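Summary of structural features
This is what each chain is made of:
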Amino acid sequence: MAHGSTRPTSRDVAQAAGVSQAAVSLVLGEKWRGRVSEATAERVREAARELGYRPNLAARNLRLGHTRTVLLVVPALTTEFFAGVYTGAARVAAHHGFGVVLYPSPEGIGPARDPFASAQAALDGVIASSMAADALTAIRGGDQLPLVMLDSDPDGSLGAATVNLDITDGVRQVADHLLRLGHRRYLHLAADVPSWTFDIRARELAARIGEVPGTSLLTVRAPISIEGARTAAETALSANGPRPTAIVCDDDKLAAGAYKAVRRLSLRIPDDISVTGLDDLALATAIDPELTTVRLDAELFGERGMQALLAVLEGREPREGDIPVELVVRGSTAPPSAP
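Residues numbered from 1 in each chain as written. Predicted model: local features only at pLDDT ≥ 70, side-chain atom pairs only at ≥ 80, totals over all residues. Heavy atoms only, no water.

By the naming in an unreviewed UniProt entry, the protein chain is LacI family DNA-binding transcriptional regulator, taken from Streptomyces machairae.

Pasting the structure below:
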């Protein structure tokens, strides 16, 4: 076949792979399972790669009435966590010929304007964080686009599928770590955000610590900002009575605020007080001492969200089971000093 400057066609791919054009369409449209063999599918993909063939998505979309575009709705992009979620979702989407449009809810939470004049005409589905759930009403419109919820109560989810990190286990790992070190007086620096993902942090922490006699838990709420967390933590640590020996923070940014509060009170981490986070952002190793926190795999979270939406669009059951998380112990936690 003469290559020249002519754009390769599906007929070229079929000839190179030794299959019919129909088989090429099935494989590149991800509809081959049960119709052609795995070996044939791989041969078609390899031929397409070698020839530099790209399906004409515009023509396919006109035939199907779809744009192969997914909307990812997240809180305002204030940390790299949701950038990781986007990276993972976009990677899986690209593999299946979809594009992902990122829509940060402007204020992080609360209602948002419809980013498209007619979302139903422009989108095939939506993946949304529970922290931006209020933004969905306008976006999904009356026809109720297929929806996958991230970090959302599976029993009360708006979506056709829900994908969660195992936050409950993450909080359990933090509590068990601190209890083993001997801590009994706890301050929970909680995110002042009405969201299921933060509700379960509070619930699991209270349950775990409450199982051990002689423990106490004080909860204070703060906006997810370093200065907001510093103010809340400083006020709580300055109160009368025995001072907490461990601060459990709902995320790493709150932990950075707690660090500032501890320093302003001329206390030392971890000698006088231990601090934990939850995220394992770049921030966790930028502060000193480095932060004991729970690693959440943001990219895997995005990948699983996109895989779940593809399953919904194809009428399959999405994969079940929460995504595992891992406690990373660093220099911010140690046994409490003598009372």
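When its secondary structure is counted, the protein chain shows 13 helices and 11 strands. Sequence-distant contacts, at least 24 apart, represent 71% of the contacts inside the protein chain between residues at least 6 apart. Roughly 16,000 Å² of accessible area belongs to the protein chain as shown, and the carbon and sulfur atoms make up 51% of that amount. (Helix = DSSP H or I, 4+ residues; strand = E, 2+ residues; numbered from the N terminus. Contact = heavy atoms within 4.5 Å. Areas by Shrake-Rupley, 256 points an atom, 1.4 Å probe, with all protein chains shown as cover.)

Turning our eyes to something else, we now look at the nonpolar core. Taken as a class, soluble globular proteins show a tendency for nonpolar side chains to be buried jointly. Counting residues in each nonpolar core, the largest one holds 43 residues, and the members touching the most others are Phe81, Val85, Leu165, Leu296, Phe301 and Met306. Where this core is concerned, the elements lending two or more residues are strand 1 (69–75), helix 5 (80–95), strand 4 (147–150), strand 5 (161–163), helix 8 (167–181), helix 9 (196–210), strand 8 (246–249) and helix 13 (298–313). Setting aside its immediate chain neighbours within four residues, Leu165 contacts Phe81, Asp151, Leu296, Asp297, Phe301, Asp322, Ile323 and Val325. Grouped together as the second largest cluster of nonpolar side chains are 27 residues, Val193, Ala255, Ala261 and Ile269 included. (Core = buried A, V, L, I, M, F, W, Y, C linked by side-chain atoms within 4.5 Å. Buried < 20%, exposed > 50% of the residue type's maximum accessible area, 1.4 Å probe, protein only.)

We now examine the environment of Leu178. Mapping Leu178 onto the fold places it in helix 8. Exposure remark for Leu178: the relative accessible area of 1% places this residue in the buried category. For the pair formed by Leu178 and Val248, sequence separation is 70 residues and the distance between their alpha carbons is 9.3 Å.

To continue, consider the pattern of salt bridges. Here the structure, examined in full by the defined rule, presents 20 salt bridges. When the shortest N-O distance is used, the salt bridge between Glu46 and Arg49 registers 2.7 Å. With Glu46 and Arg49 both in helix 3 (residues 38–51), this residue pair falls 3 residues apart, about one helical turn. Owing to a relative accessible area of 34%, Glu46 belongs among the partly exposed residues under this scheme. A salt bridge links Arg91 to Glu299; the nearest nitrogen and oxygen atoms lie 2.6 Å apart. Taken as a pair, Arg91 in helix 5 and Glu299 in helix 13 lie far apart in primary sequence, 208 residues in all. By relative accessible area, which is 41% here, Arg91 ends up partly exposed. For Glu299, a relative accessible area of 31% gives the class partly exposed. In the salt-bridge network here, residues are joined through shared partners; they are Glu38, Glu42, Arg45, Glu46 and Arg49. (Salt bridge = Lys/Arg side-chain N within 4 Å of Asp/Glu carboxyl O.)

A few words now on helix 11 (residues 252–264). Its 13 residues place the ends of helix 11 19 Å apart at the C-alpha level, agreeing with the 18 Å of an ideal helix rising 1.5 Å per residue. Buried within helix 11 are the following residues: Asp252, Lys253, Leu254, Ala255, Ala256, Gly257, Ala258, Tyr259, Ala261 and Val262. Measuring from the side-chain oxygen of the N-cap residue of helix 11 to the backbone nitrogen of Lys253 gives 3.2 Å; that N-cap residue is Asp251. Count one or two residues on from helix 11 and you reach Ser266, which has phi positive near 60 degrees. (Expected span 1.5 Å × (residues − 1). Polar contact = N/O pair within 3.5 Å; in protein donor to acceptor, adjacent residues only side chain to side chain.)

Right, let's talk about the environment of Ser130 for a bit. Mapped onto the fold, Ser130 is located in the loop between strand 3 (125–129) and helix 7 (136–140). Since its relative accessible area comes to 13%, Ser130 is described here as buried. Residues Ser130 and Ser152, 22 residues apart in the sequence, show an inter-C-alpha distance of 5.3 Å. Other than its neighbours up to four places away in sequence, Ser130 contacts Met149, Leu150, Asp151, Ser152 and Ser195.

A separate point is the sheet that holds strand 3. Strands pair in a sheet through their backbones, by hydrogen bonds, and they do so in one of two ways: parallel or antiparallel. Read across the sheet, 5 strands follow the order 2-1-3-4-5 without closing on themselves; strand pairing throughout is parallel. Every other strand in the sheet has two partners, leaving strand 2 (99–105) and strand 5 as the edge strands with one partner each. The mean inter-strand angle of the sheet, taken between neighbouring strand axes irrespective of direction, is 20 degrees. Relative to strand 4, strand 3 runs parallel, the two being bridged by 4 bridges. Paired with Ala128 across the strands is Met149, a residue of strand 4. Running over the sheet, helix 5 touches strand 1, strand 2, strand 3 and strand 4 and is turned about 160 degrees from strand 2. (Pairing = 2+ DSSP bridges. Axes fitted to C-alpha atoms, helices over the stretch in contact; angles between N-to-C directions.)

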